Amino acid sequence: MADLLLVRAEDLLVLGVSWSGMTRTGDARPGVPVLTATGEVCRLLITFPPQHVAEETSLAGTAAPADRPTGRPGERVPVWRAALSGPSRVAFDVPAGTRIELTIDGVLTAMANCAVLGPNETVIELPWRMAIAPAGPVRCAHRSVPAVADGVSGLWRTHLSDLDIVAVDDQLAHSADPGFALPLGQGDRVQVFTEASRRPARAARLELSTLGGTLDATGTWDNYLWEQSTVLGRDMRVRLLGKGALFPLGHRAEYLEYSERVIDPTEGNAAVLRSIRVLTVTEPVRRPPADPATRRAFPFDDVEITTRSFAELATPNWQDFPLPGGEVARPYFWPTQADGRQRVLFPVECATPDGPVRFELPLIFVRDLQPTFGSLTDPGLAAALAREYGGETVPLHGRTLDLVRAKDVRDGDRHEVQQIGIGGRLADGFRPTLTMLHIGLPAVRSLVGDDTGSQPARYSDAYLNDGESADVLLELTGPAIDLNFTGRADRSGGLVAPRYTADAISRTLGPVSRQALPDPATGLINPGSLFPAEATLLGFPLRDLLTQLKTPPEITSVLVDGTAPETSMRWTGVRLRSAGPFEAGAATRLDLTVTASAAGAETTCTVSDFAMVLPPGTGQLLRLTFGSMTFTQRTGEPARLDIAGLGATFLGSLRLLEELQKAVDLGGVGPLLDVTPTGITARYSLPVPPVAAGAFVLRNIVLSAGVVVPFDGAPVSVSLAFASRANPFSLSVLMFGGGGYIDVLIDHTGLRRLEAALEFGALIAVDFLVASAEVHVLGGVRYALEIDGSVSLTGYLRMGGCIEILGLVSISIELCVALSYRSDRNALVGRATVVIEIDLTLWSDSVELDSGEWVLAGGSGGGQRALFIAAGADGGDDDGLQRWREYRAAFARPHGGSS
């Protein structure tokens, strides 16, 4: 509080006066006390009214921030808010023995004659919440009496000569803003305080008055510029320029705020502050880093911000960062549009060998606070910026990028990139990094036929650390890819249906599983860790057949701009071992090549030098040897299955067919192919020469063989047949004859179907020209093992004959009685049928009588029903039995008659 208040109305002088080290020593004249400097340190302290009004500033061309009613209906006035600074204090060094009369003239004279003291004693709040003081001793210049001209008194003011000023009172500079935009906001006040406390600014003009201060000050520092022009406490012009860099790209930039008082005709000619905020990129092109590890994290060459200047920005929201020692700096902010909600998007162009990649990215402006704080080199601040920035995602819409940039380019280096996430790190300045990628996998789309969309991924640690020597380039951060060909083996070569999951991308192999990479010690892959049980080769579990596996299937893409990618799956020279019925040799190999491009697709799969022994284990029946089995499919052509070097050897119970085998050369005839959406079948059919031994003659033998390759993951099956039920072979011994057939179906589980039938009997025929007749009696047996495991064994007797007279009348009769054992019903089932045909030239008819099935033993109630039938009881609603009764009744002898 002032000890004395000096007021002079003529020139609006109001000053508070206090002192220290001085005593009252009497009166200079009546009523005029005198102060005398008697102490070792004598001070005269002059308190000024508030010297600055902090006024709200707004963007040029925008409406007033608020309006208020004038009191007249419907009339409002634009309003800009303001805040008044606190009082200012100027301290004067009073020499010992100095006498000061305590009058206005006496105090003003002392102020002019004594030196103004500097920091910690003089505190002038100009501008608002910014305390300044002379850097060294200066003197005030002012009039002691009012200046009058033409009866008008001038405003009293004191002028401090041209001087350097420093900032004082750190706490005051950190004061929060009053809730509206200021020309010199908190962040810049702190920056001015920091810079001016280190190196003084220059005040070309500093005047203090009752109505406010006048200041023309310039602070020019290495990375910051402050210019302020204030007249009578009202800002006329404020220019702030901060140098720094943009995170995460690292381009150097300058942030300028320029505020100026203008008369705005759109707002009632109010003299208001309007501001423009401009961010200028001073280093538009940033070269790639020299450090290879840093360069690997961002696979581009020059990075250019193509727009140099961004204006009409919102008031920055400077963010706090704690410094060592407990101090707090405000080094960075997000540049936002004038509305304060949308961040500025900087257009970026990254150079690549395939042409520029363009996108837009928000960036953080980081002020360079050197030398007081290494804001652009501090690891702690860089980590805070990385957390603040996160990973900004930008779309690239499937752009092809070389993510490695190696001299020796591999297929897995270039990828179809849908999105990238960009973060930052501290290297030589700020450097961008790829925090994530969304990559398309055209090979997976093309080969598997399942478009899973883009896959999120990141660079593998191995690649970031070791560079090109690491083969695994990317790690998938989303769900693993299911590379499943088990339901569509036609896409993987028909013979093999691999399935495995991929959670990484290899430079050489494409999608791979990190859990099934080659063992560093052996260089081999454990097939069990790569393939599940449903992955098959010829229907056998693939992992059981693999040995010394070095690589998984290689699935890669060659991306070509302007056309469809060239995709391929290769798995060649894969060694196989014996497992179950699959018998491998030293030269047994699997070779798979699948290619697809705009010109078409081609699939070739070959399994070479192997045999299949069916069924496996004991009781082997058949051994098929294959020189090779090749599946081929080309665009526009039907699929082919070529089998070379096919040979069959009957074993065990089928050795009886050995003589037939010797008469057949399966390798000498080409197959007939049957291609369907579910699989492909190669069928062989060729006649066998008659086999004779004395009176025994076997004719009409047709060998049929087939290899069925399903596409749905079912096992490969092999069928063999000697003749068929429809066309049996013929067997004759002297005057007796017969026939039969054999049909076998085998897969890796064993014998799936075996059906064999043999028939033998006698046939006598006579021809007397006008009449001819034939009588035959044949018996036979048929054995059938069905796919469901059921067995039926049938014995039958066929008797009949026919007579024909002059070609006009013919009568024939055929009786067939069969008895079958059926394992699925555990029953003996009988059936009898009689067929009579009569042809009288102009009329013909046939009658078929069927007993229906009747069970002799076993089955559900079969035995009781047979007994009822034998006793003549009603057998129920059996149509065959009823017809049999009618037939029997027609030939029954009438009572009392003769036969």
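Residues numbered from 1 in each chain as written. Predicted model: local features only at pLDDT ≥ 70, side-chain atom pairs only at ≥ 80, totals over all residues. Heavy atoms only, no water.

For the rest of this paragraph, the subject is the side chain of S375. Summarising the element assignment, S375 is placed in the loop between β34 (364-367) and α5 (379-389). The class of S375 is buried, set by a relative accessible area of 0%. Looking at S375, its side chain comes within polar contact range of the main-chain oxygen of R367, at 2.5 Å. A distance of 2.9 Å separates the side chain of S375 from the backbone nitrogen of L369, its partner in a polar contact. Excluding its chain neighbours within four sequence positions, the residues that come into contact with S375 are P331, V366, R367, D368, L369, L381 and F430. (Helix = DSSP H or I, 4+ residues; strand = E, 2+ residues; numbered from the N terminus. Buried < 20%, exposed > 50% of the residue type's maximum accessible area, 1.4 Å probe, protein only. Polar contact = N/O pair within 3.5 Å; in protein donor to acceptor, adjacent residues only side chain to side chain. Contact = heavy atoms within 4.5 Å.)

There is a patch of nonpolar side chains on the surface, built from V770, I803, I805, L806, L808 and I811 and spanning about 530 Å² of accessible area. For L806, the location among the structural elements is in the loop between β64 (791-805) and β65 (809-822). (Patch = residues over 30% accessible without salt bridge, like charges linked within 9 Å, V, L, I, M, F, W, Y side chains within 5 Å. Areas by Shrake-Rupley, 256 points an atom, 1.4 Å probe, with all protein chains shown as cover. Salt bridge = Lys/Arg side-chain N within 4 Å of Asp/Glu carboxyl O.)

Moving on to the environment of L5. With respect to the helices and strands, L5 occurs in strand β1 (residues 4-8). For the pair L5 and G16, spaced eleven residues apart in the sequence, the C-alpha separation amounts to 4.6 Å. Beyond its immediate stretch of four places on either side in the chain, L5 contacts V14, L15 and G16.

This part covers the packing of aromatic side chains. Here the structure, examined in full by the defined rule, presents 20 aromatic pairs. Seen from their ring centres, W221 and Y224 are 6.3 Å apart, and the 20° between their planes marks the pair as stacked. On the basis of relative accessibility, which here comes to 2%, the residue Y224 falls in the buried class. What links up through ring pairs into an aromatic cluster is the set F247, W334, Y389 and F430. Directly above the aromatic system of W334 lies the positively charged group of R343, at a separation of 3.6 Å from the ring centroid. (Phe/Tyr/Trp six-rings, centres within 6.5 Å; stacked < 30°, edge-to-face > 60°. Lys NZ or Arg CZ within 6 Å of the ring centre and 35° of its normal.)

Under the criterion given, the structure shown has 45 salt bridges. Taking the shortest distance from any N to any O, the salt bridge between D93 and R43 comes out at 3.0 Å. On the criterion of sequence distance, the pair formed by D93 in strand β11 (residues 88-93) and R43 in strand β5 (residues 43-48) is long-range, its members being 50 residues apart. For D93, a relative accessible area of 34% corresponds to the partly exposed category. One salt bridge connects R129 with E125, and the closest N-O pair in it is separated by 2.8 Å. Via salt bridges that share partners, R458, D461, E475, D503 and R514 belong to a single interconnected network.

On to the state of the cysteines. Throughout this description, disulfide means a covalent bond between two cysteine sulfur atoms. Counting across every chain of the model gives zero disulfides. C140 takes part in no disulfide bond, and the closest cysteine sulfur to it belongs to C114, at a distance of 10.0 Å. (Disulfide = S-S within 2.5 Å.)

All right, on to the pairing of strand β48 (residues 566-575) then. Where strand β47 (residues 554-558) meets β48, five bridges bridge the pair, whose relative direction is antiparallel. Opposite T556, over in β48, you have S568 as the bridge partner. Sheet topology places β48 next to strand β49 (residues 582-597); seven bridges connect them, and they run antiparallel. Within the sheet, the bridge partner assigned to W571 lies in β49 and is L592. (Pairing = 2+ DSSP bridges.)

Attention now moves to α5. Regarding α5, the residues found buried are L381, A382, A384, L385 and Y389. Down the axis of α5, the smallest arc covering the buried residues is 160°, so these residues share one side. In α5, those exposed residues whose orientation departs by more than 90 degrees from the buried face are P379 and R387. The N-terminus of α5 is capped by D378, whose side-chain oxygen sits 3.1 Å from the backbone nitrogen of G380. After α5 finishes, the residue G390 shows a positive phi value of roughly 70°. (Arc of directions from axis to C-beta.)

A word on unusual backbone geometry. With an omega of 5°, the peptide bond running from L126 to P127 counts as cis. Within the secondary structure layout, P127 lies in the loop between β14 (124-125) and β15 (131-134). Of note, the bond from F247 into P248 is cis; its omega dihedral lies within 30 degrees of zero at 10°. As for its placement among the helices and strands, P248 is situated in the loop between β24 (234-247) and β25 (252-264). A positive phi angle, close to 55°, is found at D609, a residue other than glycine. Among the structural elements, D609 can be located in strand β50 (residues 600-614).

Take the sheet that holds strand β39 (residues 472-476) next. With respect to topology, seven strands assemble into an open sheet ordered β35-β36-β37-β38-β39-β43-β44, the strand pairing being antiparallel. What marks the edges here is a single partner per strand, and that holds for β35 (392-402) and β44 (510-512). Averaged over all neighbouring strand pairs, the angle between strand axes comes to 35°, with direction disregarded. Inspection of the sheet shows strand β37 (residues 429-440) paired to strand β38 (residues 455-459) by three bridges, in the antiparallel sense. Of the residues in β38, the one forming a bridge with I439 is Q455. Sheet contacts for α5: β35, β36 (414-427) and β37; angle to β36, the most-contacted strand, approximately 145°. (Axes fitted to C-alpha atoms, helices over the stretch in contact; angles between N-to-C directions.)

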